[in-house]
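An overview of the molecular structure
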Amino acid sequence: MRYKCTVSYCGARYCGWQSQRHGDSVQEQIESALERILGVRTPILAAGRTDAGVNAWGQVFQFDTERDMSERKWQGAINGFLPGDIHIRKVEKVSRLFHARYCVRDKRYDYRINLGEYNVFRKDAAYQCPYPVNVDAMKQGAQYLIGTHDFTSFNSNSLKETPDQVRTIESITFFMEGEELVISFRGRGFLRYMVRMMTAALLECGRGRMQPQQIQTLLEARSKTIARRNAKPEGLTLMEVNYFEVLAETSASVVREFLPEDGDPPIPGAYAFADRHEERLYGVFRILEEEAVLETDAEHAEEAEKLVLQLENYAGMSCRLVIHDQKNSEDAA
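Report follows, based on the coordinates. In this convention, every chain numbers its residues from 1, walking through the sequence in written order. Totals for whole chains, interfaces and linings use every residue, but because this is a predicted model, local features are given only for residues with pLDDT of at least 70 and side-chain atom pairs only at 80 or more, for both listing and counting. Note: side-chain values were computed over all heavy atoms of the structure, leaving out hydrogens and water.

**Some points on the layout of surface pockets**
Quick note on the threshold: Every definition here rests on a 1 Å grid over the protein atoms only: cavities are sets of points where a 1.4 Å probe fits but cannot get out, pockets are open sets enclosed by protein on both sides within 12 Å along at least five of seven lines, and lining residues have some atom within 4 Å of a point. Grid points are joined across faces, edges and corners, and a volume is the space filled by probe spheres set on the points. In DSSP terms, a helix is any run of H or I states spanning at least four residues, a strand is any run of E spanning at least two, and both are numbered starting from the N terminus. Side-chain classes follow a simple rule in which Ala, Val, Leu, Ile, Met, Phe, Trp, Tyr, Cys and Pro form the nonpolar group, Asp, Glu, Lys and Arg form the charged group, and the remainder, Gly included, forms the polar group.
Here the largest pocket defines a volume of roughly 1,600 Å³. Together, 41 residues line the largest pocket, and Lys-107, Arg-167, Gly-189, Phe-190 and Leu-191 are the ones closest to its centre. It is strand 8 (residues 166-177) that contributes the most residues to the lining of the largest pocket, four residues altogether. Classifying every residue of the lining of the largest pocket by side-chain character gives 16 nonpolar, ten polar and 15 charged. Of the voids in this model, the second largest pocket is the one considered here, and its volume is about 170 Å³. Tyr-127, Tyr-131, Ala-200, Leu-203, Glu-204, Arg-207, Arg-229, Asn-230, Ala-231 and Lys-232 are the residues that line the second largest pocket. Top element by residues in the lining of the second largest pocket is helix 4 (residues 194-206). It accounts for three residues. Counted by class, the lining of the second largest pocket contains five nonpolar, one polar and four charged residues.

Quick look at the structure:
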């Protein structure tokens, strides 16, 4: 059985989410709790990593086990062995097709900036800004970050480790909660330090040390040395992770909901037949009145055949595989 867990934590005393050779991590705390319950070491897989000092309200992880308990009992059992700064908010039994990392539709990160008097009770949940900022200038700068860009200048992943540093920011919104300015970033994927480096640049716009239009200059530079500032970790919180539905999958391909980056479905109610780890479309899947149909091109026909049985189980009817020539396949996708 596979369980999906939503967890919140304060990152102040941890070296980050991921287990490391030196330092205490959130992952280690949760895996230790599961080991005390199950008697064996049980690995967990998260939607993504958070760095040292970064918080989470809606981090998601999964684990597999043969132990069958109610979701409520799992929640209580795990929380019973966790410290007070880590808390399981929800446990759900999910399909084996669910994957905490690869099925992500989008994530939301909030960066909180305290613009008022120093608040000792918020020191681990918001960045205390020591200078006044022009929020309108920050909003102007944020417009250059929204959309699909090469974010090489705004992350610490090496180009050797991550050659493709193109990501899509769906939205950046600003709002006040008391004396805290909240900058909310939404996108499907983020690179290491990406949100904090974008926030640092926006703060530079806010204090007048950078013009909003210079954000575009930094993006276009695609340089690992041009934007060195990194906003403090305590201001950053992973707020939520949203997922798309998966109908069938192999290690290389998947049939899933259409995502915004796919464009509109060619036919209402159609699902995307796509690469398992990228956004390349191979074809479409439809459920008709008397049969289901998976359409693709000759290049991906062998991969499509591996999915037919799963799709028949999902639809509750036979699935016909339709192979188009390359041109027709491109039109269908």
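**Notes on the sheet that holds strand 12 (residues 253-256)**
Worth spelling out the cut-off: By definition, two strands form a pair when at least two bridges between them are found by DSSP. In this description, a line fitted to the C-alpha atoms serves as the axis of each element, helices being fitted only across the stretch in contact, and the angle between N-to-C directions of two axes falls anywhere from 0 to 180 degrees. Throughout, a residue-residue contact means that at least one pair of heavy atoms, one from each residue, lies within 4.5 Å.
Taken together, six strands build an open sheet; the order of strands is 11-12-13-14-15-16 and the sheet is mixed. With partners counted over all chains shown, the strands left at the sheet margins are strand 11 (246-249) and strand 16 (319-324), one partner each. The sheet shows a mean angle of 20° between the axes of neighbouring strands, taken without regard to direction. Two elements, strand 12 and strand 13 (residues 271-275), share four bridges in a ladder whose sense is antiparallel. What sits directly across from Val-255, in strand 13, is Phe-273. Strand contacts of helix 7 (residues 308-315): strand 11, strand 12, strand 13, strand 14 (281-287), strand 15 (292-297) and strand 16, with the helix running at about 155° to strand 11, the strand carrying the most contacts.

**Comments concerning helix 7**
Our working definition: Burial status follows relative accessibility: with a 1.4 Å probe on protein chains alone, a residue under 20% of its type maximum counts as buried, one over 50% as exposed, and anything between as partly exposed. To be clear, the arc concerns the directions from the helix axis to the C-beta atoms.
Every buried residue of helix 7 is accounted for by Val-308, Leu-311 and Ala-315. The arc that holds the buried residues of helix 7, viewed along the axis, is 65°, so those residues lie on one side. Facing away from the buried surface of helix 7 by more than 90 degrees, the exposed residues are Leu-309 and Asn-313. Backbone geometry just downstream of helix 7 places Gly-316 in the positive-phi region, at approximately 75°.

**Re the packing of helix 1 (residues 26-38) against helix 2 (residues 71-79)**
In a packed pair of helices, the relevant descriptors are the angle between the two axes and the axis-to-axis distance. Filter applied, for reference: For classification purposes, angles smaller than 35 degrees are called roughly parallel, those larger than 145 roughly antiparallel, those between 65 and 115 roughly perpendicular, and all remaining angles oblique. Crossings are classed by handedness, with left-handed meaning an anticlockwise turn of the near helix from the far one by less than a right angle and right-handed meaning a clockwise turn.
One can describe the packing of helix 1 onto helix 2 by two numbers: an axis separation of 9 Å at closest approach and a directional angle of 115°. Classified by the angle between their axes, helix 1 and helix 2 sit roughly perpendicular to one another. Relative to helix 2, helix 1 is oriented so that their crossing is right-handed. For the pair helix 1 and helix 2, the contacting residues are Ala-33, Leu-34, Ile-37 and Leu-38 in the first and Trp-74, Ala-77 and Ile-78 in the second. Looking at the contact of helix 1 with helix 2, its residues break down into seven nonpolar, no polar and no charged.

**Examining the nonpolar core**
Put simply, the rule reads: Take the buried Ala, Val, Leu, Ile, Met, Phe, Trp, Tyr and Cys residues and link them wherever side-chain atoms come within 4.5 Å; each set so joined is a nonpolar core.
Formed by 75 residues in total, the largest nonpolar core has its most connected members in Ile-30, Phe-61 and Trp-74. A total of nine residues in this core trace back to one element, the largest contributor, which is helix 4. Within the second largest apolar cluster, 15 residues are counted, among which are Tyr-271, Tyr-282, Ala-304 and Cys-319.

**Overview of empty space enclosed by the protein**
This model, assessed by the stated rule, comprises one cavity of 30 Å³ or more. Put simply, the largest cavity is a space of about 40 Å³. As for the largest cavity, its lining consists of Tyr-102, Arg-188, Phe-244, Val-254, Arg-256, Asp-275, Arg-276 and Glu-278. Broken down by class, the residue content of the lining of the largest cavity amounts to three nonpolar, no polar and five charged.

**Here we look at the packing of helix 3 (residues 135-142) against helix 4**
It is the contact of helix 3 with helix 4, at a shortest axis distance of 7 Å, that shows an interaxial angle of 135°. With respect to helix 4, the element helix 3 is oriented oblique. Between helix 3 and helix 4 the crossing geometry is right-handed. Contact with helix 3, carried on its side by Ala-137, Met-138, Gly-141 and Ala-142, involves Leu-202, Leu-203, Cys-205 and Gly-206 of helix 4 and no other residues of that element. Looking at the contact of helix 3 with helix 4 residue by residue, the class counts come to six nonpolar, two polar and no charged.

**Quick notes on the packing of aromatic side chains**
Here is the rule: Paired rings are identified among Phe, Tyr and Trp, the last through its six-membered ring, by centres lying within 6.5 Å, and are further divided according to the angle between planes into stacked (under 30 degrees), edge-to-face (over 60) and tilted (the rest).
Taken as a whole and assessed by the stated rule, the structure comprises nine aromatic pairs. With 5.5 Å between their ring centres and 25° between their planes, Tyr-3 and Phe-63 make a pair best called stacked. Taken together, the residues Tyr-3 in strand 1 (residues 2-9) and Phe-63 in strand 3 (residues 55-64) connect sequence positions 60 residues apart. For Tyr-3, a relative accessible area of 0% translates into the label buried. For the pair Trp-17 and Phe-61, a centre-to-centre distance of 6.1 Å together with 40° between the ring planes defines the contact as tilted.

All quantities given are derived from atomic positions and should not be read as evidence of function.
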